[in-house]
Amino acid sequence: MRYFLDTEFNGFGGALIALALVPEEPDAPHFYEALECPDPTPWVAEHVLPVLAVEPIEAAELSRRLEAYLGDDPWPVLIADWPEDIVHAARAMISAPGRRIGLDRVGFELCDAFGYDSSASAVPHNAYHDAVALRAFLLRREAAAR
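I will try to describe carefully the structure that is included in this document. (Residues numbered from 1 in each chain as written. Predicted model: local features only at pLDDT ≥ 70, side-chain atom pairs only at ≥ 80, totals over all residues. Heavy atoms only, no water.)

### What about the overall build of the chain?
The line we're drawing: What counts as a helix is a DSSP run of H or I of at least four residues, what counts as a strand is a run of E of at least two, and both are numbered from the N terminus. The classification of residues rests on relative accessible area computed with a 1.4 Å probe and restricted to protein chains. Under 20% of the type maximum is buried, over 50% is exposed, and intermediate values are partly exposed. Contact criterion: two residues are considered in contact whenever any of their non-hydrogen atoms come within 4.5 Å of each other. Per-residue and other accessible areas were derived by the Shrake-Rupley procedure at a 1.4 Å probe size, with only the shown protein chains allowed to occlude residues.
Within the chain one finds four helices and seven strands. Reading the helices (α) and strands (β) of the chain from amino to carboxyl end gives β-β-β-α-α-β-α-β-β-β-α. Going through the 146 residues of the chain one by one, you find that 42% of them count as buried. Long-range pairs, those at least 24 residues apart, make up 61% of the contacts in the chain with a sequence separation of at least 6. Total accessible area on the chain is roughly 8,100 Å²; 56% of this is exposed by carbon and sulfur atoms.

Given below as structure tokens:
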């Protein structure tokens, strides 16, 4: 199944704050978790942290929950519009030094979302709502291309 991916992170190249996966199937459950951000940039403190809407968990727990969420899918494909989202999702799959979560395989797709504006999100800078908006944008674009 395809999952639309968005993350929030602490400034350019900064640590992961939140990760969301919204499946292509509208009735399938979504994934949304956050990590502590002890030293946020001013922009993150103003725009991201106030809209997290979930309690932060430890990074190891995020990896376990991500594994449980994707574990029954034989070939999940995570679609993002920004390379750093893919970087953070891949890093979240590292469960310990030299160990990764137990997925047989996973695919990543970096899409050209020309025309997509994350400000169309119901809650901008919230990874879950941004992933929902990305999903809607890309599925509309695919439908129009048929």
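### Considering the pattern of salt bridges
Applied cut-off: The rule for a salt bridge is simple: a side-chain nitrogen of Lys or Arg has to be within 4 Å of a carboxyl oxygen of Asp or Glu.
Within this structure, the stated rule accounts for five salt bridges. Among the ionic pairs, Glu61 bridges to Arg65, the shortest N-O distance being 2.9 Å. Highlighted residues: Glu61 and Arg65, both in helix α2 (residues 59-70), separated by four residues, approximately one helical turn. Note on Glu61: relative accessible area 23%, which makes it partly exposed. Several salt bridges share partner residues, and in doing so they unite Glu33, Glu61, Arg64 and Arg65 into one network.

### Focus on the pairing of strand β2 (residues 16-23)
Keep this limit in mind: Following DSSP output, two strands are said to pair if at least two bridges run between them.
Burial of β2 is extensive: eight of the eight residues sit out of reach of the surface. Pairing geometry for strand β1 (residues 2-9) and β2, over seven bridges, is antiparallel. Bridge pairing in β2 links Leu5 to Leu21. Turn length for the β1-β2 hairpin, with the two strands adjacent in sequence and antiparallel, is six residues, and the turn residue Gly11 shows positive phi of about 80°. Strand direction decides the pairing type here: β2 and strand β3 (residues 31-34), joined by four bridges, are antiparallel. Its bridge partner lying in β3, Leu19 is registered against Glu33.

### A short note on the pairing of β1
Along β1, eight of the eight residues are buried, which leaves the element largely enclosed by surrounding structure. Every second residue of β1 is oriented toward a common face, with Arg2, Phe4, Asp6 and Glu8 on one face and Tyr3, Leu5, Thr7 and Phe9 on the other, all of them buried.

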